[in-house]
Amino acid sequence: MTPPRIGFIGLGIMGAAMARNLVKAGYDVTVWNRDRKKTEEFQAMGREAAPTPKALAQRCDVIITMVTGDEAMEAVLGGPDGVFAARFSGSTLINMSTVSSAYCEKLAALCFREAVTFLDCPVAGSKPLAENGTLLILAGAEEKALEKRRALLLSMGKTVIHAGPPPAGTRLKLCVNLLLSQMTTGLCESAALARAFGLDPELIFRTAEASPAIDCGYFRMKKNNILKEEFPPAFALKDLLKDVRYMLSEASARGLRLPVGEAVEKLAAKTYNSGERNSDLTAMYKSLLAGEEK
Ligand code: NAP
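Here the structure is a predicted model, which is why all the values come from computation and not from measurement.

### Quick look at the domain arrangement of the chain
Stage number 1. When its domains are assigned, the chain resolves into domain 1 (5–166) and domain 2 (171–293).
Stage number 2. The interface of domain 1 with domain 2 comprises 20 residues on the first partner and 15 residues on the second.
Stage number 3. Taking both partners together, domain 1 and domain 2 bury about 1300 Å²; carbon and sulfur atoms supply 63% of that area.
Stage number 4. Counting across the interface, domain 1 meets domain 2 through 1 salt bridge.
Stage number 5. Between glutamate 105 and arginine 171 there is a salt bridge, and its shortest N-O distance comes to 3.6 Å.
Stage number 6. Where domain 1 touches domain 2, the interface holds 8 residue pairs in polar contact (both at pLDDT 80 or more).

### Brief notes about the site of the ligand
Stage number 1. Around the ligand, the surrounding shell holds 27 residues, and the nearest of these are Asn33, Lys38, Thr68, Ser126 and Ala234.
Stage number 2. With respect to the ligand, the backbone of leucine 11 contributes an N or O atom lying 3.2 Å from an oxygen atom.
Stage number 3. Here lysine 238 contributes a side-chain N or O atom positioned 2.8 Å from an oxygen atom of the ligand.
Stage number 4. Protein chains bury 88% of the 910 Å² of accessible surface belonging to the ligand in isolation.
Stage number 5. Counting only elements with at least two residues in the shell around the ligand, the list comes to helix 1 (13–24), helix 4 (70–77) and helix 11 (237–253).
Stage number 6. For the shell around the ligand, the per-class residue count stands at 11 nonpolar, 8 polar and 8 charged.
Stage number 7. Among the domains, domain 1 (5–166) and domain 2 (171–293) are the pair contributing at least three residues each to the shell around the ligand.

### As for a nonpolar patch on the surface
Stage number 1. A grouping of Leu193, Phe197, Leu199 and Leu203 is seen on the molecular surface, where their side chains present a nonpolar patch of about 400 Å² in accessible area.
Stage number 2. As for its position among the elements, leucine 193 is in helix 8 (residues 168–197).

### Side note on the environment of valine 260
Stage number 1. You can see valine 260 is positioned in helix 12 (residues 259–276).
Stage number 2. Linking valine 260 and leucine 187, residues 73 residues apart in sequence, is a C-alpha distance of 14 Å.

### Section: the pattern of salt bridges
Stage number 1. Within the structure shown, the criterion is met by 17 salt bridges.
Stage number 2. Two residues, lysine 242 and aspartate 243, come together in a salt bridge whose shortest N-O distance is 2.8 Å.
Stage number 3. Residue aspartate 243 is classed as buried on the basis of its relative accessible area, which comes to 1%.
Stage number 4. With a shortest N-O distance of 2.7 Å, lysine 286 and glutamate 276 are connected by a salt bridge. Residue lysine 286 is located in helix 13 (residues 284–293), and its partner glutamate 276 is located in helix 12; the two are separated by 10 residues in the primary sequence.

### So, helix 1
Stage number 1. The end-to-end C-alpha distance of helix 1, which contains 12 residues, comes to 17 Å, matching closely the 16 Å that a straight helix rising 1.5 Å per residue would cover.
Stage number 2. Of all 12 residues in helix 1, 9 are buried; the element is thus mostly enclosed.
Stage number 3. Those residues of helix 1 that fall on the buried side of the exposure criterion are Met14, Gly15, Ala16, Ala17, Met18, Ala19, Asn21, Leu22 and Val23.
Stage number 4. After helix 1 finishes, the residue glycine 26 shows a positive phi value of roughly 95°.

### Describing the side chain of serine 287
Stage number 1. Position of serine 287 among the secondary structure elements: in helix 13.
Stage number 2. Given a relative accessible area of 6%, serine 287 falls into the buried group.
Stage number 3. Here serine 287 is in contact with Leu267, Lys270, Thr271 and Ser274, once residues within four sequence places are set aside.

### Looking at the pairing of strand 1 (residues 5–9)
Stage number 1. Among the 5 residues that make up strand 1, 4 are buried, leaving the element largely enclosed by the rest of the structure.
Stage number 2. In terms of strand pairing, strand 1 meets strand 2 (residues 28–32) through 5 bridges, oriented parallel. Each bridged residue has a counterpart across the sheet, and for arginine 5 the counterpart in strand 2 is aspartate 28.
Stage number 3. The β-α-β motif built from strand 1, the intervening helix 1 and the parallel element strand 2 has right-handed crossover chirality.
Stage number 4. Bridging between strand 1 and strand 4 (residues 62–65) involves 4 bridges; their strand directions are parallel. Counterpart to isoleucine 9 in the pairing with strand 4 is threonine 65.

Cut-off values and rules
- Residues numbered from 1 in each chain as written.
- Predicted model: local features only at pLDDT ≥ 70, side-chain atom pairs only at ≥ 80, totals over all residues.
- Heavy atoms only, no water.
- Domains from an automatic or database assignment.
- Contact = heavy atoms within 4.5 Å.
- Buried area = accessible area lost by both parts, 1.4 Å probe.
- Salt bridge = Lys/Arg side-chain N within 4 Å of Asp/Glu carboxyl O.
- Polar contact = N/O pair within 3.5 Å; in protein donor to acceptor, adjacent residues only side chain to side chain.
- Near = heavy atom within 4 Å.
- Areas by Shrake-Rupley, 256 points an atom, 1.4 Å probe, with all protein chains shown as cover.
- Helix = DSSP H or I, 4+ residues; strand = E, 2+ residues; numbered from the N terminus.
- Nonpolar A, V, L, I, M, F, W, Y, C, P; charged D, E, K, R; others polar.
- Patch = residues over 30% accessible without salt bridge, like charges linked within 9 Å, V, L, I, M, F, W, Y side chains within 5 Å.
- Buried < 20%, exposed > 50% of the residue type's maximum accessible area, 1.4 Å probe, protein only.
- Expected span 1.5 Å × (residues − 1).
- Pairing = 2+ DSSP bridges.
- Right-handed = clockwise from strand over helix to strand, strands pointing away.

See below:
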């Protein structure tokens with residue numbers, strides 16, 4: 001079987017690392033990114049940078065999208081230069097961006113109408129896992145379509161968790177990120193309380209690491225951010241806020257309230273408005289400390 005020609009759209013923190021892994025795995029990868037500068041490293045590796053998403057779709061069998069969310073997806077898929085303007089029937093679209101469940105459903109229906117195979121495959125795991133190719137891929141897809149692309153997906157991740165047909169991957173992703181958002185605020189509040197008590201927040205990490213109950217890889221990943229009070233983005237606060245808003249509106253549409261999720265949204269929005277939109281989500285700690293000083 002001839003290997004598929006891959007078109008990769010969205011070379012941000014995650015996308016650039018994922019596309020690099022596809023190149024490393026030997027795939028023929030064409031890229032597109034809104035900010036053209038980010039395509040230069042791929043051109044330097046001898047890969048093509050398509051002038052538009054439409055041109056990329058015209059020359060590829062599998063199109064992968066890894067952009068911010070619903071609006072960014074509309075921007076790359078719709079309009080005269082968008083992927084769907086290519087009339088790419090018979091191809092496959094794999095969306096790996098975190099979008100709302102409602103948007104994912106709409107996209108699945110559009111792909112069905114256009115005879116495009118759709119795989120709803122957001123990922124769990126942050127920048128280091130994208131770099132190492134060890135992401136968890138949360139798949140919403142028909143079994144056969146998923147099997148056909150399993151090897152491709154596994155060149156970006158280590159595990160594929162099949163949740164059901166689309167939008168099950170996106171729904172699982174939103175549930176997992178709800179947990180992650182609350183683990184983050186839990187960690188930030190715990191460290192802020194330690195500081196208010198005059199305790200070294202490092203003691204929290206030492207205790208967690210020695211505890212079979214609360215030791216956790218995620219806390220270890222975020223330890224330096226909290227202790228150094230530096231927040232270089234691995235998962236940007238703006239994207240956490242986007243995801244929490246998707247969760248809240250999807251829950252509310254189903255008559256479910258998420259009171260802790262609502263509190264996370266408030267703290268994330270406050271942090272976003274304080275100029276930290278592009279910082280790591282752990283910058284919420286900074287907002288708590290700013291509150292402490294008042
Ligand atoms: P990022 O670094 O902010 O990259 C976002 C990408 O989307 C960039 O390529 C950006 O293009 C593009 N984009 C945004 N708006 C656009 C628009 N209107 N038109 C065209 N392109 C647009 O974000 P990331 O961290 O890579 O995250 C990508 C996706 O993965 C998001 O859905 C995020 O929620 C999800 N995710 C992130 C993590 C993580 O830890 N970072 C983990 C799991 C899932 P420009 O370069 O031109 O701005």
